[in-house]
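Geometric and topological summary
For reference, the chains in residue letters:
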Amino acid sequence: MIAVSSELRQAPSTDQEVADEATVSTRRSVLELDDLRKSYNGTPVIRDLSLTVHDGELLTLLGPSGCGKTTTLRLIAGLERPDSGTVRLDEASVTGGNFVPAEHRDVGVVFQEFALFPHLSARENIAFGINEWPEDERRARVEELLELVGLSEHGEKSPDELSGGQQQRVALARSLAPEPQLLLLDEPFSNLDVDLRVEMREEVREILKEAGVTAVSVTHDQEEAMSISDRVAVMSDGSIEQIGTPEEVFQQPESRFVAGFLGHASFVAGHVKPDCVETGIGCIPFDQINGLTDAYVGSEIDLMVRPDDVRARPAGPEEANGEVVHRRYLGPTVLYRVEIDSGDVVGCMHNHADKVSLDDPVFASLDADHELAWFPRGERKMADGGRERDD
């Protein structure tokens, strides 16, 4: 039996992926972080963190509370000094002996609470950071930004006369006014209600792309990161677990942490046979598993499946291979948790009209139209907090 690496095996890149990577790599680097470290009172917060952000790119640092993403943002902004490592803006170091303070870094910041001046109008708030500009240029820039963010008719209103979404757009316009080479967004949508949050994600991405701005955003919200980003850097315990497009990190996670953090994920035990992987939900062919070849025949692996990859239908005792152990109604959909005969637990997402009841015997099978990620056999995380079992 072949020994399998502790990392997920990746399939060779497609021609399109290679072309996309080549396009990104030829762009000018606006931000480079090399081996950053930061500790507070002897406790490491950032550990050997490196990444590059290219011209015009919107990259999101995504992770749970305490993972170091906000500290990373503060190191980029110049609000904190790293213990070691380098921050480069437009290829020039702004750390170490060349430390450049925040006010001289040509970096704009949109804060979580917007931080608008309550006694100034929207127009005056936007103009605040460019008061040293000639009056004609300043006025033209403010009007340009009011139009860009769709607030041309609201320039004289004070912040308390604007909605939450309008206040956010003013804060964004104010940060864009000095034409910074890099824009940082700290949890930019967390203070908005759910419906407005979704609307503003789309608007902010459109504004940034129209303005041609390079931006780094920070959030713990997976849906937000997926919807606004060109690339996502998933962080855990002060390090980056994976960087890639939203599709790459979701469909082909490189660690179990990434798999679980980006949504419900189940790990199904599999034995690699000559032509497929035998699992509790059927024998999965090689061409449906990312990077798996006959070189791994005889290996024990875990396949990652998400709730929309699996279907469960009521079945008689002779056909059934599992039982519904949990049901959660979510409005348009219902999330089921099915314990299959192999002992694994998988999540299944169904239309709300489907009739599958708690404790029903079911036949669970794969219903995915994409390649599945796989990992070496090990501790499995069950979908939606399902029961774990010892091997």
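The model shown is predicted, which means the values in this text are computed figures rather than measured ones.

**Some remarks on the state of the cysteines**
Working definition: the covalent bond between the sulfur atoms of two cysteines is a disulfide. Following the criterion strictly, the structure yields one disulfide and no others. One disulfide bridge connects Cys 276 with Cys 283, the sulfur atoms lying 1.7 Å from each other. Judged by the sign of its S-S torsion, about 60°, the cystine formed by Cys 276 and Cys 283 is right-handed. Since its relative accessible area comes to 8%, Cys 276 is described here as buried. For Cys 283, a relative accessible area of 33% puts it in the partly exposed group. Cysteine Cys 348 shares no disulfide, and the gap to the nearest cysteine sulfur, in Cys 283, comes to 19 Å.

**Brief notes about the confidence of the model for the protein**
Looking at the protein as a whole, its pLDDT mean stands at 88, while 90% of the residues score no less than 70. Across residues 1-14 the pLDDT falls below 50, and counting only partners more than four positions away or on other chains, this stretch makes 33 contacts in the model.

**Re helix H6 (residues 194-211)**
For H6, with 18 residues, the first-to-last C-alpha span of 26 Å sits near the 26 Å given by 1.5 Å per residue. Buried within H6 are the following residues: Leu 196, Met 200, Arg 201, Val 204, Ile 207 and Leu 208. On its buried face, H6 sits against strand E3 (58-62), helix H4 (135-148), helix H5 (164-176), strand E7 (182-186), strand E8 (215-219) and helix H7 (222-228). Looking at where H6 begins, the residue whose side-chain oxygen comes 2.9 Å from the main-chain nitrogen of Leu 196 is Asp 193. Positioned one or two residues after H6, Gly 212 has a phi angle of 70°, which is positive.

**Comments concerning the packing of aromatic side chains**
For the structure shown, the criterion picks out four aromatic pairs. With centroids separated by 5.5 Å and ring planes inclined at 10°, the aromatic side chains of Phe 257 and Phe 261 adopt a geometry described as stacked. Highlighted residues: Phe 257 and Phe 261, both in helix H9 (residues 256-261), separated by four residues, approximately one helical turn. Overall, the relative accessible area of 22% leaves Phe 257 in the partly exposed class. The class of Phe 261 is buried, set by a relative accessible area of 15%. On the basis of an interplanar angle of 80° and a centroid distance of 5.6 Å, the ring pair of Phe 267 and Phe 375 is categorised as edge-to-face. Placement of Phe 267 in strand E11 (residues 266-272) and of Phe 375 in strand E20 (residues 374-376) is noted, with a sequence separation of 108 residues between them. Its relative accessible area of 0% is what places Phe 267 among the buried residues. One cation-aromatic arrangement involves Arg 105 over Phe 99; the distance from NZ or CZ to the ring centre is 5.0 Å.

**Digging into the sheet that holds strand E12 (residues 276-279)**
As summarised here, the arrangement of the five strands in space is E13-E12-E11-E14-E20, forming an open sheet in which the pairing is antiparallel. Taken across any chain shown, the strands that pair with only one partner, and hence form the sheet edges, are strand E13 (282-285) and E20. Taking each pair of neighbouring strands and ignoring which way they run, the sheet shows an average axis angle of 40°. Note: E11 against strand E14 (residues 300-305), six bridges, orientation antiparallel. When the sheet's bridge partners are listed, Ala 269 is paired in E14 with Asp 302.

**So, the nonpolar core**
One finds Ile 126, Leu 172, Leu 176, Leu 183, Leu 185 and Leu 208 to be the most contacted residues of the largest nonpolar core, which totals 33 residues. Among the elements of the structure, helix H3 (122-127), H4, H5, E7 and H6 are those that each provide at least two residues to this core. Among all residues touching Leu 208, those that are not within four sequence positions of it are Leu 58, Leu 172, Leu 183, Leu 185, Val 213 and Ala 215.

**Thoughts on the pairing of E3**
For E3, the tally of buried residues reaches five of five residues, placing the bulk of the element in the interior. Residues Leu 58, Thr 60 and Leu 62 line one face of E3 and the alternating positions Leu 59 and Leu 61 line the opposite face, and both faces are buried. Examined bridge by bridge, E3 and E8 share five bridges and lie parallel to one another. Across the sheet, the residue bridging to Leu 62 is Thr 219, located in E8. In the sheet, E3 pairs with strand E9 (residues 231-236) via four bridges, with the strands oriented parallel. In the sheet register, Leu 62 faces E9, and the bridge partner there is Val 234.

Calculation criteria
- Residues numbered from 1 in each chain as written.
- Predicted model: local features only at pLDDT ≥ 70, side-chain atom pairs only at ≥ 80, totals over all residues.
- Heavy atoms only, no water.
- Disulfide = S-S within 2.5 Å.
- Buried < 20%, exposed > 50% of the residue type's maximum accessible area, 1.4 Å probe, protein only.
- pLDDT = per-residue confidence, 0-100.
- Contact = heavy atoms within 4.5 Å.
- Helix = DSSP H or I, 4+ residues; strand = E, 2+ residues; numbered from the N terminus.
- Expected span 1.5 Å × (residues − 1).
- Polar contact = N/O pair within 3.5 Å; in protein donor to acceptor, adjacent residues only side chain to side chain.
- Phe/Tyr/Trp six-rings, centres within 6.5 Å; stacked < 30°, edge-to-face > 60°.
- Lys NZ or Arg CZ within 6 Å of the ring centre and 35° of its normal.
- Pairing = 2+ DSSP bridges.
- Axes fitted to C-alpha atoms, helices over the stretch in contact; angles between N-to-C directions.
- Core = buried A, V, L, I, M, F, W, Y, C linked by side-chain atoms within 4.5 Å.

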